[in-house]
Amino acid sequence: MSFELLFQSLTIFATITLAISGVLQAARSEMDFFGALVLACVCALGGGSLRDLLIGATPVFWTKDLSYLAAILPTTLIMIIAVHYIPPGKGIRLKILDIADAIGLALFAILGAAKTLQLGFDEPVAVVMGAITGIAGGMIRDILSQTVPIVMRGEVYASAAIIGIISYTLIRMVTTETVAILIGMAIIIVIRLVALEWGLNLPKLKPPSDKY
Amino acid sequence: MSFELLFQSLTIFATITLAISGVLQAARSEMDFFGALVLACVCALGGGSLRDLLIGATPVFWTKDLSYLAAILPTTLIMIIAVHYIPPGKGIRLKILDIADAIGLALFAILGAAKTLQLGFDEPVAVVMGAITGIAGGMIRDILSQTVPIVMRGEVYASAAIIGIISYTLIRMVTTETVAILIGMAIIIVIRLVALEWGLNLPKLKPPSDKY
Amino acid sequence: MSFELLFQSLTIFATITLAISGVLQAARSEMDFFGALVLACVCALGGGSLRDLLIGATPVFWTKDLSYLAAILPTTLIMIIAVHYIPPGKGIRLKILDIADAIGLALFAILGAAKTLQLGFDEPVAVVMGAITGIAGGMIRDILSQTVPIVMRGEVYASAAIIGIISYTLIRMVTTETVAILIGMAIIIVIRLVALEWGLNLPKLKPPSDKY
């Protein structure tokens, strides 16, 4: 598989997983169909759009290649039907949301950093842009659906993305781009799912006694 | 009336209605004068700015033509005085806010889609950009004033915009641009006001029993 | 000191003060290290990034000059350690946050207006862009950390920025750019700190009786 095709395939796959997480969040917040569509678009396109804006790669990626919008619409329709067949209770929907979100975070974080490096920016900028690509869509989703923003919840979220992106920028110096991308993504997914499964949290900044 | 002049006039009119909705929301959230000015600008300029950023039409529209800022400032001043003469209670202020918001939504949604098509983007991108132009300003207003975001409230909001924009993109294939623009706007205003008057809602995605 | 060097030094200084305010807000909201890093970046880079996007000065300023990111990382690390040595209670952390925020607001508001004028935009656009540069970072910080957004709190915040920027645009007509910049900044810091110290508020738009 050529590098271009791998890049494109992974981006479409990440778009679908984040659209799924958007619909599931919309279901949890009891939105209607169009609300779910808005949230699916925000999740799937928000982070990459913000990255493209900041690095000056406008018009943003999904305006020139309709395959992203073409992937979101059927995903939203299928998930809206599928959500009725996921048994209620037991946190199964929340678990699917978390896994879809972890995969989308990993893929977009690494692909966002890779695109930034390809355009000639320095490594530190690529790390920030990768984090934005991975995190921003979920953050806007949480704000619009009045959920506690991910960055507030602890849960090793931004940290998983940043560790994975830094690993990718280091690994790509000693091996091929494709290998580095896949390892970087794997690191993020593993850290994120391990942290979720075991309820891991990084230490908070200070004891809660001194609130003001 | 030439098409350019119609386009410009409608945009200024939409700017004024959305500035009004911003001031009324600021009054409901008990902000001061400058908070009202910030909210009026966000409502009136936010959606179109985000559209211009995403399609790469920068600097954004209101930086090159001062008539938009020139329309917002007196509107804000007049509304701040007028708000004292609207009788309290009975939901009259809320009703004016809803009507101003519906007109602004309709005008900006269709004009946003029209501008995107004129710049050579495909129809699906124009639908999304129209929705962003119409909805984003109100969404940022709601987030900044700590109101439940419109997309969360059901109330046939995003749906009215999307139905109207799709109608516009279809109608313009069989008639003139001006007629299609006016019909598209009318569809959005009618759907939105009927839904508000009768309290219509689209079905929610799932029963509220399975919250997690 | 040359004008260019003054401009650059003040921007770095403002970046550091706003990064400090981000870490302090993260501590108040009990985030972890990476959450604090995200919030420091958002505070320090958010307003200037939004201004650069709107005026079309992309890629945004901090992607081409790594000194901004280089200033934020050690500031975040030092503040995370320092926050443990600030005695709890008595509102000292909140006071440092307010002062850091006031300085950052003043510097970025005037520098944002100055950059906009240098690029040939009109004065009213420069006033709006200055306000965005000064205010937007703090607004996004408040939304992400689930604090009441500054513009909602009254407290002479947006008003201090707007008065200072208008003063700067007037003063620069009769004296040198450097003098006008420094006077404009001083006006904002003084208004903001006096308002905070004495708990000043502008009158709210209407009596709270008519809530709906």
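In case you missed it, the structure is sitting above this.
Analysis parameters
- Residue positions are given per chain, counted from 1 along the sequence in the order it is written.
- To label them, take the chains in the order written and letter them from A, then take the ligands in the order written and number them from 1.
- Confidence filtering applies because this is a predicted model: local features only for residues at pLDDT of at least 70, side-chain atom pairs given and counted only at 80 or more, and all residues used for totals across whole chains, interfaces and linings.
- Heavy atoms from the whole structure form the basis of all side-chain values; hydrogens and water molecules are not counted.
- The aromatic pairing rule takes the rings of Phe, Tyr and Trp, using the six-membered ring of Trp, and pairs them if the centres are within 6.5 Å, calling planes under 30 degrees apart stacked, those over 60 edge-to-face and the rest tilted.
- Three exposure classes are used, based on accessible area relative to the maximum for each residue type with a 1.4 Å probe and protein chains only: buried under 20%, partly exposed in between, and exposed over 50%.
- Two limits define a charge over a ring: the Lys NZ or Arg CZ must be within 6 Å of the ring centre, and within 35 degrees of the ring normal.
- Note on definitions: a residue-residue contact is assigned when non-hydrogen atoms from the two residues lie within 4.5 Å.
- Throughout, buried area stands for the accessible area (probe radius 1.4 Å) lost by two parts on being put together, summed over both.
- A carboxyl oxygen of Asp or Glu within 4 Å of a side-chain nitrogen of Lys or Arg is what we treat as a salt bridge.
- A 3.5 Å cut-off defines polar contacts: any pair of N or O atoms within that distance qualifies, except that in protein one atom must be a possible hydrogen donor and the other a possible acceptor, and neighbouring residues in sequence count only when both atoms are side-chain atoms.
- Helix and strand assignments follow DSSP, with helices taken as H or I runs no shorter than four residues and strands as E runs no shorter than two, numbered in order from the N terminus.
- Working convention: axes come from line fits to C-alpha atoms, limited for helices to the stretch in contact. Angles between N-to-C directions cover 0 to 180 degrees.
- Throughout, the term roughly parallel applies to angles under 35 degrees, roughly antiparallel to angles over 145, roughly perpendicular to angles from 65 to 115, and oblique to all others.
- When the near helix sits turned anticlockwise from the far one by under a right angle, the crossing is termed left-handed; a clockwise turn instead gives a right-handed crossing.
- What sets the superposition is a least-squares fit of C-alpha atoms, and only residues with pLDDT of at least 70 in both copies go into it.
- We call a set of buried Ala, Val, Leu, Ile, Met, Phe, Trp, Tyr and Cys residues a nonpolar core when their side-chain atoms join them within 4.5 Å.

Right, let's talk about the packing of aromatic side chains for a bit. Counted by the stated rule, this structure contains six aromatic pairs over all chains. Note on A:Phe61 and A:Tyr68: the rings are 5.0 Å apart at their centroids and 85 degrees apart in plane angle, and the pair reads as edge-to-face. With relative accessibility at 10%, the residue A:Phe61 sits in the buried group. Plain terms: the ring middles of C:Phe33 and C:Phe34 are 5.0 Å apart, the flat faces sit at 75 degrees to each other, and that makes the pair edge-to-face. Classification of C:Phe33 as partly exposed rests on a relative accessible area of 25%. Judged by its relative accessible area of 14%, C:Phe34 is buried. Sitting over the ring of C:Phe61, C:Arg51 keeps its end group 5.8 Å from the ring centre.

With 32 residues of chain B at the contact, the number on the chain A side is 34 residues. Buried area between chain B and chain A, summed over both chains or domains, comes out near 3,000 Å², and the portion from carbon and sulfur atoms is 72%. The interface formed by chain B and chain A contains zero salt bridges. Across the chain B-chain A interface, the total number found is one residue pair in polar contact (both at pLDDT 80 or more).

Following B:Thr58, the chain continues into B:Pro59 via a peptide bond in cis, with omega recorded as -5 degrees. On the secondary structure map, B:Pro59 appears in the loop between α2 (33-55) and α3 (61-64). Non-glycine residue A:Glu30 carries a positive phi angle of around 55 degrees. With respect to the helices and strands, A:Glu30 occurs in the loop between α1 (3-28) and α2 (33-54). The phi angle at B:Gln146 is positive, at roughly 55 degrees, despite the residue not being glycine.

What follows covers the packing of helix α1 (residues 3-28) of chain C against helix α2 (residues 33-55) of chain C. Think of two packed helices as two axes; the pair is described by the angle between the axes and how far apart they sit. All names here are of chain C. At a closest axis distance of 7 Å, the pairing of α1 and α2 adopts a crossing angle of 140 degrees. By the criterion of interaxial angle, the relationship of α1 to α2 is oblique. Between α1 and α2 lies a crossing of right-handed hand. Seen from α1, the contacting residues are Thr 15, Leu 18, Ala 19, Ser 21, Gly 22, Val 23, Gln 25 and Ala 26; seen from α2, they are Ala 36, Leu 39, Ala 40, Cys 43 and Ala 44.

A few words now on the relation of the copies chain B and chain A. Each of the two chain copies can be brought onto the other by rotation about an axis and movement along it. Take chain B, turn it by 120 degrees, move it 0.0 Å along the axis, and it overlays chain A with an RMSD of 0.0 Å. Both chain copies can therefore be described as sitting about a three-fold axis. The rotation axis passes nearest to the C-alpha of B:Leu53 in chain B, at a distance of 4.0 Å.

Turning next to the nonpolar core. Counting 236 residues, the largest nonpolar core has A:Leu45, A:Trp62, B:Leu45, B:Trp62, C:Leu45 and C:Trp62 as the members making the most contacts within it. Sequence-distant contacts of A:Leu45, defined by excluding residues within four places in its chain, comprise A:Phe61, A:Trp62, A:Tyr68, A:Leu69 and A:Ile72.

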